[in-house]
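# Structural overview for review
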Amino acid sequence: MSADRPLRLLFLTDDREDYLADGVLHGLRSLAGVAVVDVPRKECLYVGGRRCREAPELGVRGGGFTLYGLLQEPAGGIDRSQIWRRLEAGWFDAVVVGNVWRQWGQLLQWQALLAGIPLLLLDGDDDERLYPSSGTRYRQFGVMSGLRRLLAAPTCHYFKRELTGRSRPWGRRLQLHPLAFAVPEEVIVAAVPTKTQRFPAHVVDAELQALIGGSTGYAFADEAAYRADLGAARFGITGRRAGWDCLRHYEIAASGTVLCVRDLDRKPPRCAPHGLVDGDNCLGYTSATGLLQRLEALDPAEERRLQQAALDWVRGQTSRRRAAGLLAAAGLTTANLSTADLDQPLSWRRST
């Protein structure tokens, strides 16, 4: 790549929300020296795109809070034409695939085009298995349709969120990296706000909700009200949902609120979220009564320290840093990436 032009990335997306891929795409668009062509245009990330124009009832899950409706097209727009021919001509420096489980058909079709070019496969599904370890997929399409050659190429990197003991390559050569959700810098408060309530309205732990009240489902239709409620709370409740990682972890921390994470001690070490440590920047708990007892005994100074520690943690989890870490893990660093952007935990850079 010439030093006088940006790193050119083709980002293959689809028409539904994907918190992992969408956080990465948002971050890549925030990096200087990186030019991203998202194909098709990821409508829900752009201003005004949180609802389908023709079918407005088809919105983004969770109301499109935190990640969505923020991007503007760069001056002059993005040329999304002649993608096949530009790939043939070597115009792109790398290709990012937003979700390998949903886009494997396109990979099969484009194998010849993608051979030899750096390929970054994102796996943000709640499934702990590595693609294509699915009995249903094998029964439908056979064992030879799993992109084995493409996955084993030295230029291919596989990034997985729910990385656990079940995430096994089963003899395949695979450059495997951890990956996690991220949030835009603009949703993170500048300082811990004044606290006026103990818990937010949305309490995702049903056992705790039975003791303290609140809603276990979505409690807000307005994002500003949701964020204000989180910021007013001293403690935010979160934990494993369909997968260990969820945007709520980051939203609570971004509001300067103490993260209370149910069963944190059971989370596999390489599985996102990364860097949360009980008693350091969050509180782990295993029962609702145990958590309430711990909160009653918490010193006010320690509570304030934990709120600030949560805020410090999430400042290292921005979409821009996540995108920079992704490029670094794939060996795609450029002179335009700042040292601060690349200051990632070791788990970002290590492949196995």
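Residues numbered from 1 in each chain as written. Predicted model: local features only at pLDDT ≥ 70, side-chain atom pairs only at ≥ 80, totals over all residues. Heavy atoms only, no water.

### A closer look at the overall build of the chain
- Looking only at helices and strands, the chain features 13 helices and nine strands.
- Going through the 352 residues of the chain one by one, you find that 54% of them count as buried.
- Surface summary for the chain: the accessible area is close to 15500 Å², and the carbon and sulfur share equals 51%. (Helix = DSSP H or I, 4+ residues; strand = E, 2+ residues; numbered from the N terminus. Buried < 20%, exposed > 50% of the residue type's maximum accessible area, 1.4 Å probe, protein only. Areas by Shrake-Rupley, 256 points an atom, 1.4 Å probe, with all protein chains shown as cover.)

### Here we look at unusual backbone geometry
- A cis geometry characterises the amide bond from Val39 onward to Pro40, with omega recorded as -10°.
- Tracing the backbone shows Pro40 in the loop between β2 (34–39) and α2 (83–88).
- For the bond running from Ala272 to Pro273, omega is 5°, close enough to zero to count as cis.
- Along the chain, Pro273 falls in the loop between β8 (258–262) and β9 (283–285).
- Residues other than glycine seldom take positive phi values, yet Thr66 does so here, at roughly 80°.
- Within the secondary structure, Thr66 sits in the loop between β2 and α2.
- Residue class for Thr66 comes out buried when judged on its relative accessible area of 1%.

### Looking at the confidence of the model for the chain
- Averaged over every residue, the pLDDT of the chain is 88; the share at 70 or more is 86%.
- Contacts for the low-pLDDT stretch residues 343–352, under 50 throughout, to residues beyond four places or in other chains number 30 contacts. (pLDDT = per-residue confidence, 0-100. Contact = heavy atoms within 4.5 Å.)

### Here we look at the pairing of strand β4 (residues 119–123)
- In terms of burial, β4 is largely enclosed, as five of its five residues are buried.
- Going residue by residue along β4, you find Leu119, Leu121 and Asp123 tucked away on one face and Leu120 and Leu122 tucked away on the opposite face as well.
- Where strand β3 (residues 94–97) and β4 come together, three bridges link them in parallel fashion. Looking across to β4, one finds that Val97 is bridged to Leu121.
- Bridging between β4 and strand β5 (residues 156–160) involves five bridges; their strand directions are parallel. Directly across from Asp123, in β5, lies its bridge partner Lys160. (Pairing = 2+ DSSP bridges.)

### A look at the environment of Leu130
- Within the secondary structure layout, Leu130 lies in the loop between β4 and α5 (135–141).
- Leu130 sits in the buried class, given a relative accessible area of 0%.
- Sequence spacing of Leu130 and Arg166 is 36 residues, and the spatial spacing of their C-alpha atoms is 8.2 Å.

### Digging into the pattern of salt bridges
- Using the criterion set out here, one finds 26 salt bridges in the structure.
- Ionic pairing is found between Asp22 and Lys42, a salt bridge with its closest N-O pair at 3.3 Å. Linking Asp22 in helix α1 (residues 19–28) with Lys42 in the loop between β2 and α2, this pair joins segments that are 20 residues apart in sequence.
- Using a relative accessible area of 2% as the deciding quantity, one classes Asp22 as buried.
- The partner of Arg266 in a salt bridge is Asp263, with the nearest N and O atoms 3.9 Å apart. (Salt bridge = Lys/Arg side-chain N within 4 Å of Asp/Glu carboxyl O.)

### Describing the sheet that holds strand β6 (residues 176–178)
- Pairing is parallel across the open sheet formed by six strands, whose spatial order is β2-β1-β3-β4-β5-β6. The two strands at the open ends of the sheet, each matched to only one other strand, are β2 and β6. Averaged over all pairs of adjacent strands, the angle between strand axes in this sheet comes to 20°, irrespective of strand direction.
- With respect to the sheet, helix α3 (residues 100–109) is in contact with β1 (7–12), β3, β4 and β5, its orientation differing from that of β4 by roughly 145°.
- On top of the sheet, helix α12 (residues 319–329) reaches β1, β2, β4, β5 and β6; it is set at about 140° to β5, its chief contact. (Axes fitted to C-alpha atoms, helices over the stretch in contact; angles between N-to-C directions.)

### With respect to the side chain of His274
- Looking at the element boundaries, His274 is found in the loop between β8 and β9.
- Polar contacts involving the side chain of His274 include one to the main-chain carbonyl oxygen of Arg270, which spans 3.1 Å.
- Side-chain polar atoms of His274 contact the backbone nitrogen of Ala272, separated by 3.5 Å. (Polar contact = N/O pair within 3.5 Å; in protein donor to acceptor, adjacent residues only side chain to side chain.)

### Some details on the pairing of β8
- In terms of burial, β8 is a largely internal element, five of the five residues being buried.
- Summarising the sheet, strand β7 (residues 235–239) and β8 pair through five bridges and their orientation is parallel. Note on β8: the bridge partner recorded for Gly236 is Leu259.
- For the crossover that starts at β7, traverses helix α9 (residues 247–254) and ends in the parallel β8, the hand is right-handed.
- For β8 and β9, the ladder comprises three bridges, and the chain directions are parallel. The partner of Val261 across the bridge, within β9, is Gly284. (Right-handed = clockwise from strand over helix to strand, strands pointing away.)

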